[in-house]
Every structure is written in structure tokens, then in C-alpha cells.
Amino acid sequence: MSKLALVTGGSRGIGYAIAEKLAQMGFNLILMAKTDTNLLSAKHDLLQSNPNIRVDTVAVDFADSAAVEIAALTLTQNYPQIDILVNSAGVLSIEFEHASAATLTSLFSINCISTMVLTNAIAAQMKRSRTGHIINIASLAGKTHLPKIGAYAATKAALISYSESLYKSLLPHDVKVSCLSPSVVNTEMTNDGRIANQDKIQTEEIVNAVIFILSLGKGAQLPQLDIDCTPIALAQL
């Protein structure tokens, strides 16, 4: 029987790359993202290459945490066992001191609150079945307190802290929690010309890290994994 993985932000970028690898490994998938057309396109492409799996989609705006809460309830009712949850949904904002309340609310909802709402629901299910793995994609920005993206960094700091607490909470129940914190990854979101794309962390390297995390046996835990970007690391010397 194929296992089931739920990937948020699964229609493009890091989320899609992870979903693509999981599909190749034989996982059935649930993709969550904001735009239904992007989800259907991703589903089509995944099934073209992996016709023996099942791909379901859930269109929901992570800026609307109440809608995510409803979606999470529906998911746990419709899928009695989700084996892997990968939280990749997120947005980058360069606003900080002058960010409006609306901007901050949306940023925290997408990057943190909605992820927590969904994860809490799936974690409760995993806890009851005493199996599962939750992987949260955060950012090194949440640990380095960068002033240019201070609001974004704060959301990622919250996600890292939440992941650490969830790891300790679920450890006695045989559910694994890992938080992956990369620096700048070569995606559409970071394509601003400040760092050459080929010098950034590549999406396939994030995929490789996720697969490594999932390859660890029952006796091994990896609650936190940081991945630095070489040009940024050199600039900080």
C-alpha cells in the first residue's frame, strides 16, 4: 500500500520539487496551494511522469487561516493516515519598519499561523496512529535577524521555535519533526539579481536534504538542519 504525503506550497518552487521526488518514490500526494490552476498543472505534470500514483489537490489561501483550519479538518476526515507532511508554503517580504498591519497580518498568516493550524491537525492524527514525519521548511533568516527582511525573519523565527516545541511534544509518540532552514534558494521568490542564481542553494539540494531526513531510521532524530548559502557565508567572515 502506497504511503501518503501532504505538501503545502506544492504547485511550484521547493514544494513542487519535493513533491516530484516523493512521486518518483511511489508516494501518493496531496498538494496544497493558493491557485487551483497551478495545482491542476502540477498534478498533470506529476501524473504524466508517475502514472501509478494518486495526486489530490486542495486550493486554499494561507493568508486566510480560518479557511486553512476548515481545510485541515476536512483533510483529517477524508484521509485517515497522512504519513508525511512537508510545509513549504511561504512568501518573502522586504518590508519591515514601515510594513502595514495588513502586510504583517498576511505575512504571519502565510508563513506561520496557517502552517501551525494545519500542522496541529495533522500532528494530532499522527500522534494517535503513532507514526509520521513532519518537515517544516523555515529559513536561516529566522536565526540571523536580518534587518532588511526583519518581518519575514520574525515569521521564520516563530516557525523554528514552533518546530522545536513540536519535536519535543511528539517525540514520545513516535512522530518525527524536522525543521529545515536554508539560506537563499534559487527560486522565483529570490530572483532579484543580488546573487547569481548558480551560486545560490539549488532546489534539488533542498530535495536531497529532505530525502536524507526521511531516510533516517527510528533510532535517529534530526530536529534541526541548517543549510548556508556560500556567498552569504563568505560575506559574513
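Scroll up to find the structure.
Here we summarise the structure given alongside this text. (Residues numbered from 1 in each chain as written. Predicted model: local features only at pLDDT ≥ 70, side-chain atom pairs only at ≥ 80, totals over all residues. Heavy atoms only, no water.)

1. Concerning the overall build of the protein chain
- Within the protein chain one finds 8 helices and 7 strands.
- Here the protein chain has a C-alpha radius of gyration of 17 Å; the compact-globule value for 237 residues is 18 Å, and the two agree.
- Taken along its principal axes, the extent of the C-alpha atoms in the protein chain is 50 × 40 × 35 Å.
- Counted over contacts in the protein chain with a minimum sequence separation of 6, partners at least 24 positions apart contribute 71%.
- A total of about 11500 Å² of accessible surface is found on the protein chain, and carbon and sulfur atoms cover 54% of it.
- The average position of the 17 basic charges and that of the 19 acidic charges among the side chains of the protein chain differ by 8 Å. (Helix = DSSP H or I, 4+ residues; strand = E, 2+ residues; numbered from the N terminus. Rg over C-alpha atoms; globule rule 2.2 N^0.38 Å. Contact = heavy atoms within 4.5 Å. Areas by Shrake-Rupley, 256 points an atom, 1.4 Å probe, with all protein chains shown as cover. Lys, Arg positive; Asp, Glu negative; His and termini not counted. Charge placed at Lys NZ, Arg CZ, Asp CG, Glu CD.)

2. Here's the deal with the side chain of T8
- With respect to the helices and strands, T8 occurs in strand β1 (residues 4–8).
- Setting aside anything within four residues of it in sequence, one finds T8 in contact with G15, M32, F62, L85, V86, N87, S88, A89 and L118.

3. So, the environment of S139
- Looking at where S139 falls in the secondary structure, it is placed in the loop between β5 (133–137) and α5 (141–144).
- Sequence-wise, S139 and L46 are 93 residues apart; in three dimensions their C-alpha atoms are separated by 27 Å.
- Excluding anything up to four places from it in sequence, S139 contacts Y152, K156, I160, L180, S181 and P182.
- A distance of 3.0 Å separates a polar atom in the side chain of S139 from the backbone nitrogen of A141. (Polar contact = N/O pair within 3.5 Å; in protein donor to acceptor, adjacent residues only side chain to side chain.)

4. Considering the environment of N197
- Following the sequence through the fold, N197 ends up in the loop between β6 (176–182) and α7 (203–215).
- The class of N197 is partly exposed, set by a relative accessible area of 28%.
- Considered as a pair, N197 and V184 are 13 residues apart in the sequence and their alpha carbons are 9.6 Å apart.
- Looking at N197, its side chain comes within polar contact range of the side chain of K200, at 2.9 Å. (Buried < 20%, exposed > 50% of the residue type's maximum accessible area, 1.4 Å probe, protein only.)

5. A short note on the nonpolar core
- Counting 33 residues, the largest nonpolar core has I18, L22, L29, L31 and L46 as its most contacted members.
- Where this core is concerned, the elements lending two or more residues are β1, α1 (13–24), β2 (28–33), α2 (36–49), β4 (84–87), β5 and α7.
- Top contributing element to this core by residue count: α1, with 7 residues.
- If near-sequence neighbours (up to four positions away) are discounted, L31 is found in contact with V7, G10, A19, L39, A42, K43, L46, V55, D56, T57 and V58.
- Of all hydrophobic cores here, the second largest spans 31 residues; its members include V60, L118, I134 and I160. (Core = buried A, V, L, I, M, F, W, Y, C linked by side-chain atoms within 4.5 Å.)

6. Structural notes on the pattern of salt bridges
- Per the counting criterion, the structure on display carries 3 salt bridges.
- Measuring nitrogen to oxygen at the nearest pair gives 2.9 Å for the salt bridge that ties D226 to K143. One end of the pair, D226, is in strand β7 (residues 224–227); the other, K143, is in helix α5, and 83 residues separate them in sequence.
- Assessed through its relative accessible area of 33%, K143 is described here as partly exposed. (Salt bridge = Lys/Arg side-chain N within 4 Å of Asp/Glu carboxyl O.)

7. A closer look at the packing of helix α3 (residues 65–78) against helix α4 (residues 101–129)
- For the pair α3 and α4, the least separation of the axes is 9 Å and the interaxial angle reads 20°. Here α3 is positioned roughly parallel relative to α4, judged by the angle of their axes. Here α3 and α4 pass one another in a crossing that is right-handed. Packed against α3, whose contacting residues are S65, V68, E69, A72, L75 and T76, the element α4 presents S109, I113, S114, V117, L118, A121, I122 and Q125 at the interface.
- In the contact of α3 with α4, the residues fall into 8 nonpolar, 5 polar and 1 charged. (Axes fitted to C-alpha atoms, helices over the stretch in contact; angles between N-to-C directions. Parallel < 35°, antiparallel > 145°, perpendicular 65-115°, else oblique. Left-handed = near helix turned anticlockwise from the far one by under 90°. Nonpolar A, V, L, I, M, F, W, Y, C, P; charged D, E, K, R; others polar.)

8. A closer look at the state of the cysteines
- Per the counting criterion, the structure on display carries 0 disulfides.
- The structure places no disulfide on C179, whose sulfur is separated from the nearest cysteine sulfur, that of C112, by 11 Å. (Disulfide = S-S within 2.5 Å.)

9. Observations concerning α7
- Along its 13 residues, α7 runs 18 Å from first to last C-alpha, staying within 8% of the 18 Å computed at 1.5 Å per residue.
- Residues of α7 that are buried include every one of T203, I206, V207, A209, V210, I211 and I213, and no others. (Expected span 1.5 Å × (residues − 1).)

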